[in-house]
Amino acid sequence: MQDVANLANVSLATVSFTINNSKPVSPKTRAKVEAAMKDLGYRRNAVGSALARGRTHVLALLYPALQHRFSPTSVRFFTSAADQARLRGYNLVLWPMSNDAEAVTELTSSGLVDGVVLMEVQLDDPRVVELSGSNIPFALIGRTRDTTGIPFVDVDFESAVENAVDRLIQLGHTDLVLIDGGVGNQLLGGYGPVARTRKAFGEVTAQRGLTGAIMSGLHSSAGGRELAKEFAAKHPKTTGVLMMNEHAGPGFVAGLQQAGYRLPHDISVLAIASSLDTASMSEPEMAVLISPADELGRLGVDALIDQIDKKDQPLPQLLIECSYSPGATMGRARSKKN
């Protein structure tokens, strides 16, 4: 910094004011300082500056990549959250770590981040327990079983299931199957989206007087094709499917057709909390209740930054509904096979 001050013929304090924007500096003086920095190859030491301020302006988005695959929907969460953080003067770092308390402790004790956003939340999430006992601000994109005093934003899975079931009922479907990714989430015990969707499916089908069953499969296109074989063998009379397994959806649609089903003449498939990108990968294109990933990414970051910058703000607890996009996999129910 002294070398920059000498070359620009200004004081050391002026260089500091220019770099940190801590006091007004005239445009002419700023240009001289910046030109000297460029000539000398000087780069501001962000780590040193953060240590001096006690703030890094870095947020961590924790995603358990070892236990849960990325999907087109999860990427929308990441990019939306990163854009919102940048707009509010922060940098967002994707932290692909396991879903355990020890990993969170290592991160929060490092002093590298000002706050944490958690994704892929379990009903009884050890990360939330650990963060609740720390001094670091956090927010969830998802929900725990007990949300008392915990800021969160989440998909309204209960509403999505009710919406999906009612759309199928309107088309005459009374025998339904929910397909989720429970098998692929064994390492995420009590994974919130799956647990809430299953519970809602059981309640809604019972209330509507429908026949309902649940199947689980791996998070892959191959897993979807295997699910189609199992479905054809076990549920020949079922005419409506709720697909809550984003990676398996296109494979499932392909597998149904290989098994002799005509979509939507023989069977209707409606994807839940998925994306248009994934829906368009199947032929025919799936109908889908689109996850509000962009909105939730922004709101999750806002919930965290508001805690950091505005200590007296109430903690948000928001549920956002999915939006429906019609596809070619929804049609009137066929008469049941004997």
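Note that the coordinates shown come from a computational prediction; the quantities given were computed from them, not determined experimentally.

**Student:** With reference to specific residues and values, describe the packing of aromatic side chains.
**Tutor:** This model, assessed by the stated rule, comprises five aromatic pairs. Look at Tyr63 and Phe78: their rings are 5.3 Å apart centre to centre, the planes differ by 90°, and that puts the pair in the edge-to-face class. In this pair, Tyr63 sits in the loop between strand E1 (58-62) and helix H5 (72-87) while Phe78 sits in helix H5, placing the two residues 15 residues apart along the sequence. With respect to burial, Tyr63 and Phe78 carry one shared label: buried. Seen in terms of ring centroids, Phe231 and Phe252 are 5.8 Å apart; in terms of plane orientation they differ by 80°. Their pairing is edge-to-face. With Phe231 in helix H10 (residues 221-234) and Phe252 in helix H11 (residues 249-258), this pair connects stretches of sequence that are 21 residues apart.

**Student:** Go over the pairing of E1 with me, naming the residues and quoting the values.
**Tutor:** Burial of E1 is extensive: five of the five residues sit out of reach of the surface. Side chains Val58, Ala60 and Leu62 of E1 all project onto a buried face; the interleaved residues Leu59 and Leu61 project onto the opposite face, where all are buried too. Bridge analysis of E1 against strand E2 (residues 91-95) gives five bridges, and the strand direction is parallel. For Leu59, the partnering residue across the bridge sits in E2 and is Leu92. With four bridges connecting them, E1 and strand E3 (residues 115-118) associate as parallel partners. Each residue of the ladder has a partner; that of Leu62, found in E3, is Leu118.

**Student:** Got a sec to walk through the pattern of salt bridges? Specific residues and values, please.
**Tutor:** One pass over the structure, following the stated rule, counts 16 salt bridges. With its nearest N and O atoms 3.9 Å apart, the salt bridge here joins Arg30 to Glu34. Here Arg30 pairs with Glu34, and both are found in helix H3 (residues 27-40), just four residues apart, close to one helical turn. Overall, the relative accessible area of 22% leaves Arg30 in the partly exposed class. A residue is classified by how much of its surface remains accessible, and Glu34, at 42% relative accessible area, is partly exposed. Residue Glu226 is joined to Lys229 by a salt bridge in which the shortest nitrogen-to-oxygen separation is 3.5 Å. Linking Glu226 with Lys229, this pair stays in helix H10, spanning three residues, or about one helical turn. Owing to a relative accessible area of 54%, Lys229 belongs among the exposed residues under this scheme. Salt bridges linked by common partners bring Arg143, Asp154, Glu158 and Arg196 together as one network.

**Student:** Describe in detail the nonpolar core, supporting the description with residues and values.
**Tutor:** Within the largest apolar cluster, 44 residues are counted, with the highest numbers of intra-cluster contacts made by Leu59, Val165 and Leu242. In terms of residue count, the dominant contributor to this core is helix H13 (residues 293-309) (seven residues). Once residues lying within four places of it in the same chain are set aside, the contact partners of Val165 are Leu176, Phe201, Val204, Arg208, Leu210 and Leu242. Formed by 21 residues, the second largest nonpolar core is a distinct cluster that contains Leu227, Phe231, Leu263 and Ile267.

**Student:** Pulling in residues and values, what's your account of H11?
**Tutor:** Within H11, seven of the ten residues are buried, which leaves it mostly tucked inside the rest of the structure. Within H11 the residues assigned to the buried category are Gly249, Pro250, Gly251, Phe252, Val253, Gly255 and Leu256. Contacts made by the buried residues of H11 are with strand E6 (175-180), H10, strand E8 (240-244), strand E9 (268-274) and helix H12 (276-279). Of the residues trailing H11, Gly260 is marked for its positive phi of about 100°.

**Student:** Outline the packing of H10 against H11, supporting the account with residue identities and numerical values.
**Tutor:** Two elements in contact, H10 and H11, have axes separated by 7 Å at closest approach and are oriented at 40°. Taken together, the axis directions place H10 and H11 in an arrangement best described as oblique. Crossing hand, H10 versus H11: right-handed. Judged by residue contacts, Ser221, Gly224, Arg225, Leu227, Ala228 and Phe231 of H10 engage Gly251, Phe252, Gly255, Leu256 and Gln258 from H11. Across the contact of H10 with H11, the residue classes tally to five nonpolar, five polar and one charged.

What counts, and where the lines are drawn
- Residues numbered from 1 in each chain as written.
- Predicted model: local features only at pLDDT ≥ 70, side-chain atom pairs only at ≥ 80, totals over all residues.
- Heavy atoms only, no water.
- Phe/Tyr/Trp six-rings, centres within 6.5 Å; stacked < 30°, edge-to-face > 60°.
- Helix = DSSP H or I, 4+ residues; strand = E, 2+ residues; numbered from the N terminus.
- Buried < 20%, exposed > 50% of the residue type's maximum accessible area, 1.4 Å probe, protein only.
- Pairing = 2+ DSSP bridges.
- Salt bridge = Lys/Arg side-chain N within 4 Å of Asp/Glu carboxyl O.
- Core = buried A, V, L, I, M, F, W, Y, C linked by side-chain atoms within 4.5 Å.
- Contact = heavy atoms within 4.5 Å.
- Axes fitted to C-alpha atoms, helices over the stretch in contact; angles between N-to-C directions.
- Parallel < 35°, antiparallel > 145°, perpendicular 65-115°, else oblique.
- Left-handed = near helix turned anticlockwise from the far one by under 90°.
- Nonpolar A, V, L, I, M, F, W, Y, C, P; charged D, E, K, R; others polar.

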